[in-house]
Amino acid sequence: MDVGPRQQGRLLALLLARAGRPVSAADLIELVWGEDAPASASNVIHKYVGALRRLMEPSLPLRAPGSYLRRHGGGYLFAPAPGSLDLFGFRELVGTARASLTAGNRHEALDRYVQALALWRGPAGDTYAHGTTAMSIFAALDREFLDLCVPAAELAMSLGRPTHVLRPLRLAASMAPFHEPVQASLIATLGAGGHQAEALEMYRSVRTRLAEELGIDPGEALQSAHRRVLAGTATTSEGTTTSEGNGPTGGGTRRSVRSGPVPLVRPAQLPPDLPAFVGRTAELSALAGLRAGAADARGTGPLVVALDGMGGVGKSTLAAHFAHLVAGGFTDGQLYLDLRAEQPETDGLSARDALGSLLSSQGFHMSSVPETLAARVGIYRSLTAGRNMLVLLDNARDAAQVRPLLPNSPQCLVLVTSRSPLVDLAVRDGAHLLHLDPPDMPTARRLVQRRLDDAPNRALAGSAPVSDTLDEIIEMCGRLPLALAILAGRLSARPRLALEDVAAELRDGAQRLTAFSNNHGVCDPRAAFAWSYRQLSPDAARLFRLSSAAMTAGISAEAFASMSQTPPSQTRAMVRELADAAMLDEDDRGRFTSHVLLRAYAQELFLAEEPVTEREAAISRLLRHYLHSSYQAALLLAPMSPAVAPAPAPDGVVVERPSSYDAAVRWFDDHRETLFEAVRRAAEGAYGVLPWQLALTTWPWLQLTGRFHDWQDVMRVALRAARDSGDEVGAAHAMWGLADSCHYLATYDEALDLLTDARTIFAEHGMIAELAAVHGALQRVHSQLGQHDRALEENERALSLYRAAGIEHGEIWASVARGHALVQLGAPGEAMACLDDALARCEKSGPWTDEAAIRTLIGECLALLGHQRQARDQLEQALQAAVEARSRIRVFEASVRLCGTFLDLDDVPGACHAWRQACDAMHAMQNGGTRCMRDMVCDLGDRLLGVTDYSPRSEDVHA
């Protein structure tokens, strides 16, 4: 398709190449223009992205974000739909092929390789590759294709199916004329497929090209392929033997020379594989891919893979399972050593003792093994040089313990398991780090089901209640394999133990870990966590205990700093320590979570080791953190927020201050559940935070996103707490907030009762601003009830009070409300004067005023005056402002009015489009919007269905 200007095409190509990963605007500018970027490059990038969005989705409205090109921080991210990008399909097929090889399904693996290679059509980026950095990005994609061709060819020849890979090999050879492994693979495959003449001619061409353009002779790979063609065989020669099945490709060569003493017995020390092993498909595929990549790379050192994760997550089980899958490929045997890092340091295995054990297993008598670590390292490296071995090092403490145990051979595979990521091993020794999380729900369910199915005296019924209870048990175990295995063992040992009894035991969060104890020497989760806890510094250990007081699973570094009353820089260091110990995990929003069982363990420690006064003080500081942070975010969303400014934050409380309107929206998106729980927690105890004050800070975001039921729930909690504590003013604020939600949910009688009571309390206390706001709320309710004269009276009272209090924003909104009332009374001309004045004053008063609401009313007035085209223009501006403000309710209101205006103008396609926008905005709200909104949409739908002369897109109306 025509992608527009050349730079726009470059931008699209780069975003496709980086699909699934965000690219900053600065990087995009550098990649598209290099050092010649114009001063307006940022604006040009923004324009190109908008054009590309509409190119991919022609019906996309102006300024809409679209489904594929998304904003991400200061840049963009291309998020392809499943099956829409060949690059992702290629990688998925390669992963599937490698998993099939690991499972021994070599023919199936070749089929997947062929499918993957068939997706490639030529050089990545094509003519859009521009500049050194951009060209390197596309070259890296090409390498993925070229690097796959070689093992695919070897596998095809070993299976007697060489012709299946000839097409991609020819393409690869044309793309990389000096890539000797690719050229050699094509020559060998041609020969194996019966095309000897073509193979020999190609060898001569490649040899000539290398000589004339590079001045070199063919390398060993090309010469070997030439010899194979001349000999008429697909096997290797010259002192090497084909070792099919030894690696992920099923091919490869191995020298027969061995060095060092020959062991008395070929070592086969792997622990038994777990018969009930299930899942971990992605991790097994990743391990197989690393092994295949190492075989193709022909490195100079062993392939080292270090698996890390929290205690009980299944690192040792996975490592042993994969080791058994590939053990046959290591002809010099397999070594296993438990480094016992979970034991006290005096009982752990030192590197010196570990080497003694490894050398002993290789035929050395301990009496002949030298005492010094350096001497043992030297012997071990000499012994393993050039050998083809698998080494599994379980329960490592750190990189220093592992490094002396690495064999001296590129044909070796070393698997290491550790609680903490062995970053130093990756930096200094090239280890690949693989982090393990608990399995997903289907895998966890299969894990328990399989163990219980294998139990001789227990069968797990498949009825729905049993399945629901089992799922609840699995979730309360956090899907941790160790915990699930222990419970499955208990259920197997006690056939009459009901699942509901186990679930009841686990529901008590404070006692949850007790369900896994007393297992006669079995390492339970508490014991596994205790080892990690003992390794922490005192400050990090305290922070871990305090983490159990978090309102929800996710907590920010600033919240941690507030709760622990420590400086943010020191807190971040402690959080990093906890993350390294696999006791906290950072999500993509920068918040930290802990596993449900780890949180139960932290709660045990919190109750046992922290005094009551410190526990209450920590919770109080955390609640104040959320109160002040939420207030700051609310001010950005609505400068005239009903939230009451809290007293200054106490020392030690770190306040999060979003820097922009969008950042404030994201902050509320991330903290919704946390804030609701904080209101409930504040209502439960005397923590120095008023629940109604915290609840009111959520008002702007809840209204913006259409979460009216959440708004009602949180205000009812706040109202109940205020009444219980005798806080009359607080109760009035809560009644006012609750009435606002009742207005949206059309429970007008309750709203009037609440506002009447609030008005009395505010009047008695002389609270003019709050009293004005209540009269404004009464105006809205009476307007909805059709009592427009009464609504106008309430508006006059509100306006008078706002003027007396000198609150400009209040005056503006009173003018808007007056305009609305006059519209309903059939006085659009007078209403226009109020609304025009309000809009002008809003534009002067600063950013983030609700332009959308005012323009929507102006559009309604213009329509009543018969100026339909002007009304349409105002409503389109209102809709654009609402979209930019990310206000679902304003988008709905503007779209509904715009739909009616389009119908008045006989623009049925425009009306349908506006109607669909209204539907989308409504469905994005909580519970699909309110009953009043659904009635409005249905009424407009009926009008659209009545337009009989519009048929091409009538299915949209029905939809």
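Please read all numbers here as calculations on a predicted model, not as lab measurements. (Residues numbered from 1 in each chain as written. Predicted model: local features only at pLDDT ≥ 70, side-chain atom pairs only at ≥ 80, totals over all residues. Heavy atoms only, no water.)

K.L.:
So, the sheet that holds strand S3 (residues 75–78): which residues are in play, and what are the values?
P.N.:
Read across the sheet, 3 strands follow the order S1-S3-S2 without closing on themselves; strand pairing throughout is antiparallel. Strands at the two margins of the open sheet, each flanked by one partner only, are strand S1 (23–24) and strand S2 (69–72). Relative to S3, S2 is paired through 4 bridges, and the arrangement is antiparallel. Its bridge partner being in S3, Arg 70 is matched across the sheet by Leu 77. In this fold helix H3 (residues 41–56) packs onto S2 and S3, with an angle of close to 145° to the strand it touches most, S2. (Pairing = 2+ DSSP bridges. Helix = DSSP H or I, 4+ residues; strand = E, 2+ residues; numbered from the N terminus. Contact = heavy atoms within 4.5 Å. Axes fitted to C-alpha atoms, helices over the stretch in contact; angles between N-to-C directions.)

K.L.:
Explain the packing of aromatic side chains to me, and be specific about the residues and the numbers.
P.N.:
Evaluated as defined, the whole model comprises 10 aromatic pairs. Measuring from ring centre to ring centre gives 4.9 Å for Phe 90 and Trp 120, while their planes differ by 65°; the resulting arrangement is edge-to-face. Of the two residues, Phe 90 is situated in helix H4 (residues 86–102) and Trp 120 in the loop between helix H5 (106–118) and helix H6 (132–158); the sequence distance between them amounts to 30 residues. Just as Phe 90 is buried, Trp 120 falls in that class too. (Phe/Tyr/Trp six-rings, centres within 6.5 Å; stacked < 30°, edge-to-face > 60°. Buried < 20%, exposed > 50% of the residue type's maximum accessible area, 1.4 Å probe, protein only.)

K.L.:
Please provide a residue-by-residue account of the confidence of the model for the protein chain, values included.
P.N.:
Here the protein chain shows a mean pLDDT of 83. Residues at 70 or above account for 89%. Contacts for the low-pLDDT stretch residues 233–264, under 50 throughout, to residues beyond four places or in other chains number 61 contacts. Every residue in residues 950–959 scores below 50 in pLDDT, and together they form 12 contacts with partners more than four places removed in sequence or on other chains. (pLDDT = per-residue confidence, 0-100.)

K.L.:
Account for unusual backbone geometry, naming residues and giving values.
P.N.:
Phi is mostly negative for residues that are not glycine, and the peptide bonds are mostly trans. For Gln 565, which is not glycine, the phi dihedral falls at a positive 60°. With respect to the helices, strands and loops of the structure, Gln 565 is situated in the loop between helix H23 (557–564) and helix H24 (568–580). Under the relative-accessibility criterion, Gln 565 is labelled partly exposed at 45%.

K.L.:
For a nonpolar patch on the surface, give the residues involved together with the corresponding values.
P.N.:
Residues Val 423, Val 427 and Leu 433 make up a contiguous nonpolar surface patch of roughly 260 Å² in combined accessible area. Within the fold, Leu 433 resides in strand S10 (residues 432–435). (Patch = residues over 30% accessible without salt bridge, like charges linked within 9 Å, V, L, I, M, F, W, Y side chains within 5 Å. Areas by Shrake-Rupley, 256 points an atom, 1.4 Å probe, with all protein chains shown as cover. Salt bridge = Lys/Arg side-chain N within 4 Å of Asp/Glu carboxyl O.)

K.L.:
Break down the environment of Ala 758 for me, citing the residues and quoting the values.
P.N.:
Within the secondary structure layout, Ala 758 lies in helix H32 (residues 748–764). Sequence separation between Ala 758 and Gly 737 is 21 residues; the distance between their C-alpha atoms is 9.9 Å. Excluding residues within four positions of it along the chain, Ala 758 makes contact with Ala 732, Met 735, Trp 736 and Val 774.

K.L.:
Explain the pattern of salt bridges to me, and be specific about the residues and the numbers.
P.N.:
Taken as a whole, this structure holds 43 salt bridges when the rule is applied. Put simply, Arg 803 and Glu 811 hold a salt bridge, and the shortest N to O gap is 3.8 Å. For Arg 803, a relative accessible area of 53% gives the class exposed. Each of Arg 403, Asp 424, Arg 428 and Asp 429 takes part in salt bridges that share partners, so that together they form one network.

K.L.:
Give a description of the sheet that holds S10 that names residues and reports values.
P.N.:
Pairing in this open sheet of 5 strands is parallel, and the strands run S7-S8-S9-S6-S10 from one edge to the other. In this open sheet, the two strands that pair with only one neighbour each are strand S7 (334–338) and S10. Neighbouring strand axes in the sheet, compared pairwise and without regard to direction, differ in orientation by 15° on average. Examined bridge by bridge, S7 and strand S8 (residues 390–396) share 5 bridges and lie parallel to one another. Residue pairing in the sheet places Asp 338 in a bridge with Asp 394 of S8.

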